[in-house]
Amino acid sequence: MAANSSSTVSKSSNTAGGKQSGPSAEQVVATFQKMRQEQRSMASKAAELEMEINEHSLVVDTLKDVDPSRKCFRLVGGVLVERTVKEVLPALESNKEQITKIVESINTQMQSKGRELTEYRERYNIRLVGEGEAEAQDQSAASRDSEGGGSKSGAGVLVS
């Protein structure tokens, strides 16, 4: 469906001005889809790491109530090793802190990717399938108002 939409946009932009000053509609859609996929993968990784933080918290809370000299087992690189609680607990807390920092970093990257996506959508007048018709009408009215000047083209790109 996106291919059909983008091909109709490509035809209309070719006939409208005769001059193309930028990437084709297919390239715009492909770049937009790639950026969205990058953002989704970051969100997926952040969710995965959040689950690890929860697991670490659960284990740390459990081990705090246990005798420090008691033996426990830890999986390190696919190998189960025997240690004491007093050896494992600081390592788990350190790992949890490092994972938390990584999640914060990923969240910051996701926010900047979101801003980049929004700017890209505005630059190329990209509308997603399923957006409200009132919003699409507002955007088309705004693009008609700005047709006289600027680098925006009158035609938008519809992405599924």
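Here the structure is a predicted model, which is why all the values come from computation and not from measurement.

1. Some points on the packing of aromatic side chains
Under the defined criterion, the tally for this structure stands at two aromatic pairs. Taking the centre distance of 4.8 Å and the plane angle of 55° together, the rings of Y120 and Y124 count as tilted. Of this pair, Y120 and Y124 both sit in helix α3 (residues 85-124), four residues apart, which is roughly one turn of the helix. Through successive ring pairs, a cluster of aromatic residues spans F32, Y120 and Y124.

2. Concerning α3
When the terminal C-alpha atoms of α3 are compared, their 57 Å separation across 40 residues agrees well with the 58 Å that a helix rising 1.5 Å per residue should span. Every buried residue belonging to α3 is among V85, V88, L89, L92, I99, V103, I106, M110, K113, G114, L117 and Y120, and all of these are buried. Turning to α3, the residues buried within the fold contact α2 (25-64), β1 (71-76), β2 (79-84) and β3 (126-128). Remark: N125 follows α3 within two positions and exhibits a positive phi of approximately 55°.

3. Quick word on the pattern of salt bridges
The full count for this structure, using the stated rule, is five salt bridges. For the salt bridge of K64 with E93, the shortest nitrogen-to-oxygen distance reads 4.0 Å. With K64 in helix α2 and E93 in helix α3, this pair connects stretches of sequence that are 29 residues apart. The exposure class assigned to K64 is exposed, which follows from its relative accessible area of 51%. In this structure, the salt-bridge partner of E82 is K71, at a minimum N-O distance of 4.0 Å. In this pair, E82 sits in strand β2 while K71 sits in strand β1, placing the two residues eleven residues apart along the sequence. When its relative accessible area of 45% is taken as the criterion, E82 is described as partly exposed. Given a relative accessible area of 52%, K71 falls into the exposed group. Each of E38, K113 and E116 takes part in a single network of salt bridges with overlapping partners.

4. Comments concerning the nonpolar core
Core analysis: the biggest nonpolar cluster contains nine residues, these being V28, V29, F32, M35, L117, Y120, I126, V157 and V159. Only α2, α3 and β4 (157-159) provide two or more residues apiece to this core. For this core, the leading source of residues is α2, giving four residues. Here L117 is in contact with F32, M35, R36 and Q39, once residues within four sequence places are set aside.

5. Considering the environment of R40
Residue position: R40 is located in helix α2. According to the relative accessible area criterion, R40 is partly exposed, its value standing at 43%. Separated by 70 residues in sequence, R40 and M110 place their C-alpha atoms 8.7 Å apart.

Calculation criteria
- Residues numbered from 1 in each chain as written.
- Predicted model: local features only at pLDDT ≥ 70, side-chain atom pairs only at ≥ 80, totals over all residues.
- Heavy atoms only, no water.
- Phe/Tyr/Trp six-rings, centres within 6.5 Å; stacked < 30°, edge-to-face > 60°.
- Helix = DSSP H or I, 4+ residues; strand = E, 2+ residues; numbered from the N terminus.
- Expected span 1.5 Å × (residues − 1).
- Buried < 20%, exposed > 50% of the residue type's maximum accessible area, 1.4 Å probe, protein only.
- Contact = heavy atoms within 4.5 Å.
- Salt bridge = Lys/Arg side-chain N within 4 Å of Asp/Glu carboxyl O.
- Core = buried A, V, L, I, M, F, W, Y, C linked by side-chain atoms within 4.5 Å.

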